[in-house]
Each structure stands twice: as structure tokens, then as C-alpha cells.
Amino acid sequence: MGSDRRDRSRSRERRNSPSRDRRDRSRSKDKRNRERSKDTKRERRAEGDAGQEKRRQENRNDGGRWEDKDTQYGLEVPEAKVLVTEATEEVEKEGINLGLSGALTEDSNTFNGIVIKYAEPPEARKPKRRWRFYVFKGSETLPTLHLHRQSAYLMGRDRKVCDLPIDHPSCSKQHAAFQYRMISRKKDDGTEANRVLPYVIDLGSANGTFLNNNKIESKRYYELKEKDVLKFGFSTREYVLLHENSGEDD
């Protein structure tokens, strides 16, 4: 009986073997199809990446038409039309000479962070004559101050802005100004002629400016003449005004 069972089992296995083969072939075919599908997806993905890379390269090439140009900011719009308008010639404004002196102005001029009390008047001119201050302190003679290189000189204690420093404590930081002005004067024959003459103006100092020992009004020009003497505040220094031809007969 045992042999009969084995024979029947073998007979069933032989009958079932074709269906098993079909299942195996079907599985193998499905596997191949899946692998083929994966390969197709990979190819499509590769083609998509290649297309994107090509488009990026084309964009770079379009940009490279002007990236290679030497421009100030690295980029230049190709074929951009610039509207050119005729610029009007700008008149150069006269700069404020902060180191000099002149007519009083508003508190708008600054130099070294310090408000300058004045600027030169329109009639300011450099002199042709070489004026100078001979400075005396008692019997002591101090260095001569030459006054022909500028049209005006600011005088006071503040060395940051003053052309002619006055170090006495009784003097103001911006005490006075020595100013040349072109003035029209009549000659003996009645004709008028322009002359550049020296003037002094006190800038509202605390202790005053003295011309030939007489205190002058502040904020007003006083004409100076040869051998006039100026003093400032309570300083004992005397500033005697002379020129290169002083002492000679005209």
C-alpha cells in the first residue's frame, strides 16, 4: 500500500508541474516588466535632467553676452538705449574761505566744527602794497606779521580758525578782523579811482578793540592808515601798521 501512495503522489506532482511552470514564467515575466519599467523611468528622469541642464546653459549663454563686458558694476543690459539729455553747465560756486575774515554773517559757516562769525564782503581784494604789523610788547620787539598774502585775517584766541592768534586771556576767541576793501575815492583832479585799503572790524568782543588808544564800535569797519596802532582787550601788545615803503618820501 505504501508504494501505491507514493505512486499516486508522484502522479499528482506530474499533473501539477505544468501549472507551477506557468506561475514561474508569469513571475519571471512580471519581474522583467518591472525592471523594464524602472529602466524607462530612469531614462526619462535622465532626459529631464539633461533638458533642464540645457536650458540652464542657454540662460547662462544669454547672460554671458554682457557679463564679459567690462562695466563698472559687472552687468550691462544688452542693447539698452540710454536717453541722453543735454546737461546745463553748472556754475561753480565760490567756496567759503573759512580762514579769512569779513562782513558779519549768520551762524552758517563752520570750520573745524566752529561757527565762523563772518565772511569777506563783496568788495574784498588782495592789496598790491605789502602791509605788515610790527608788534611790540613794551620795549620788546616781536616777530613781524606780513599782511599782503590774503585779503582778510581773522584775529582772536582760537588758533583753530584765527589767522593771527591773540593769546591774551582778555581777548575773545574771534575778536576782530583785518580786512582789505576796494573803495572808490576821488582824486585831486575830481576823477574817481579804486583803491584797496585796510580796515579793522571788532566782532563784538568782550573787552573791545582799540585804535590809537580809542575804543572802536563793534561790528563796524574802521579805515586804517599808515602808523596806526591797534590793541586788543587788556593786552599790552601794540600792532603798528606799516608797509614796505613806510618812512620814504612819496
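On a predicted model such as this, the values are computed, not experimentally measured, just so you know.

K.L.:
Describe in detail the packing of aromatic side chains, supporting the description with residues and values.
P.N.:
This model, assessed by the stated rule, comprises six aromatic pairs. Aromatic side chains F133 and F178 sit 5.3 Å apart centroid to centroid with 65° between the ring planes, which places their arrangement in the edge-to-face category. Here F178 lies in strand 10 (residues 176-186) and F133 lies in strand 5 (residues 131-137), a separation of 45 residues in the sequence. In this structure F133 comes out as buried when scored by relative accessible area, which is 1%. We classify F178 as buried; its relative accessible area is 0%. Here the aromatic rings of F178 and Y180 are separated by 5.1 Å at their centres, their planes lie at 90°, and the arrangement is edge-to-face. Of the residues examined, Y180 reaches a relative accessible area of 0% and is grouped as buried. Connected via pairs of aromatic rings, a cluster forms that spans F133, Y153, F178, Y180, F232 and Y239. For the cation-ring pair, R181 lies above Y199, with the distance from its terminal atom to the ring centre recorded as 4.8 Å. The residue whose ring lies beneath R181 is Y221, and the NZ or CZ to ring-centre distance is 4.3 Å.

K.L.:
Before we move on, could you go through the confidence of the model for the protein and cite the residues and values that matter?
P.N.:
With 68% of its residues at a pLDDT of at least 70, the protein reaches an overall mean of 78. Confidence drops under a pLDDT of 50 for residues 66-77, and excluding neighbours within four residues, the segment shows eight contacts in the predicted structure. Between residues 87-107, whose pLDDT stays under 50, and residues either more than four places distant or in other chains, the model counts 48 contacts.

K.L.:
Describe the nonpolar core, naming the residues involved and giving the relevant values.
P.N.:
In terms of nonpolar packing, the biggest core is built from 22 residues, with F133, L147, F178, L230 and F232 touching the most fellow members. Within the residue set of this core, elements represented by two or more residues are strand 5, strand 8 (152-156), strand 10, strand 15 (229-232) and strand 16 (237-243). In this structure, C162, I183, I201 and L203 belong to the second largest nonpolar core, which totals 13 residues.

K.L.:
Tell me what's going on with the layout of surface pockets, and back it up with residues and numbers.
P.N.:
For the largest pocket, the calculated volume is near 410 Å³. As for the largest pocket, its lining consists of 20 residues, of which R129, W131, R195, V196 and L197 are closest to the centre. Take the lining of the largest pocket: its biggest share by element is four residues, from strand 11 (residues 192-202). Broken down by class, the residue content of the lining of the largest pocket amounts to six nonpolar, four polar and ten charged.

K.L.:
Quick one: what's the story with the pattern of salt bridges, residue by residue and with numbers?
P.N.:
Applying the stated criterion across every chain yields a total of four salt bridges. Between E123 and R181 there is a salt bridge whose closest N-O contact spans 2.8 Å. Note that E123 is positioned in the loop between strand 4 (118-119) and strand 5 and R181 in strand 10, a separation of 58 residues in sequence. Using a relative accessible area of 21% as the deciding quantity, one classes E123 as partly exposed. For R181, a relative accessible area of 16% translates into the label buried. For the salt bridge of R220 with E217, the shortest nitrogen-to-oxygen distance reads 3.6 Å.

K.L.:
Describe the sheet that holds strand 11, with residues and values.
P.N.:
Spatial strand order, 9-8-10-11-14: five strands in an open sheet with mixed pairing. The open sheet has two edge strands, strand 9 (164-165) and strand 14 (221-223), and neither has a second partner.

K.L.:
An account of unusual backbone geometry is requested, with residue identities and associated values reported.
P.N.:
Unusually for a residue other than glycine, N213 sits at a positive phi of about 70°. You can see N213 is positioned in the loop between strand 12 (209-211) and strand 13 (214-215). At K227, a residue that is not glycine, the phi angle is positive and equals roughly 75°. Along the chain, K227 turns up in the loop between strand 14 and strand 15. Residue class for K227 comes out exposed when judged on its relative accessible area of 57%.

Calculation rules
- Residues numbered from 1 in each chain as written.
- Predicted model: local features only at pLDDT ≥ 70, side-chain atom pairs only at ≥ 80, totals over all residues.
- Heavy atoms only, no water.
- Phe/Tyr/Trp six-rings, centres within 6.5 Å; stacked < 30°, edge-to-face > 60°.
- Helix = DSSP H or I, 4+ residues; strand = E, 2+ residues; numbered from the N terminus.
- Buried < 20%, exposed > 50% of the residue type's maximum accessible area, 1.4 Å probe, protein only.
- Lys NZ or Arg CZ within 6 Å of the ring centre and 35° of its normal.
- pLDDT = per-residue confidence, 0-100.
- Contact = heavy atoms within 4.5 Å.
- Core = buried A, V, L, I, M, F, W, Y, C linked by side-chain atoms within 4.5 Å.
- 1 Å grid on protein atoms, 1.4 Å probe; cavity = no way out; pocket = protein on both sides within 12 Å on 5 of 7 lines; lining within 4 Å.
- Points joined across faces, edges and corners; volume = space filled by probe spheres on them.
- Nonpolar A, V, L, I, M, F, W, Y, C, P; charged D, E, K, R; others polar.
- Salt bridge = Lys/Arg side-chain N within 4 Å of Asp/Glu carboxyl O.
- Pairing = 2+ DSSP bridges.

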